[in-house]
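Topology and contacts: notes
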Amino acid sequence: MEKLITVKDVSERYGCSKQTARKYIRQCNPHMEKPLTAPEWAFREWENGRTVVPVFLSHKESKGIFKRRDEGRVIVPRRR
């Protein structure tokens, strides 16, 4: 039989509250209520789906992100 992930397991793994751990388990598909559990494979799939691979930018591109635009005075049109 496959291992089931409980609220306590998720809470300890992520260092979050029990309420947040319940929310995470309910996002797994499938999960079981009373007691709230999810199969280990479903939890791993959910976790992998949330994983983001960082995008590496070249040095010039990363400088462009933080470059401040100084175009002089800013005129905001107003109607009176």
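Keep in mind it's a predicted model, so treat the numbers as computed, not measured. (Residues numbered from 1 in each chain as written. Predicted model: local features only at pLDDT ≥ 70, side-chain atom pairs only at ≥ 80, totals over all residues. Heavy atoms only, no water.)

Attention shifts here to the pattern of salt bridges. Taken as a whole, this structure holds two salt bridges when the rule is applied. We note a salt bridge from R13 to E47, for which the minimum N-O separation is 3.0 Å. With R13 in helix α1 (residues 7–14) and E47 in helix α3 (residues 40–50), this pair connects stretches of sequence that are 34 residues apart. What makes R13 exposed here is its relative accessible area of 55%. For E47, a relative accessible area of 17% gives the class buried. (Salt bridge = Lys/Arg side-chain N within 4 Å of Asp/Glu carboxyl O. Helix = DSSP H or I, 4+ residues; strand = E, 2+ residues; numbered from the N terminus. Buried < 20%, exposed > 50% of the residue type's maximum accessible area, 1.4 Å probe, protein only.)

What follows deals with α3. One turn of the α-helix equals 3.6 residues, which is why residues spaced by three or four share an orientation. Among all positions in α3, only A42, F43, W46 and E47 are buried. All buried residues of α3 project into a common sector of 135 degrees when viewed along the axis, lining one side. Every exposed residue of α3 that faces more than 90 degrees away from the buried side is listed here: E45, N48 and G49. Looking at the buried positions of α3, the neighbouring elements they touch are β1 (4–6), α1, α2 (18–27) and β2 (37–39). (Arc of directions from axis to C-beta. Contact = heavy atoms within 4.5 Å.)

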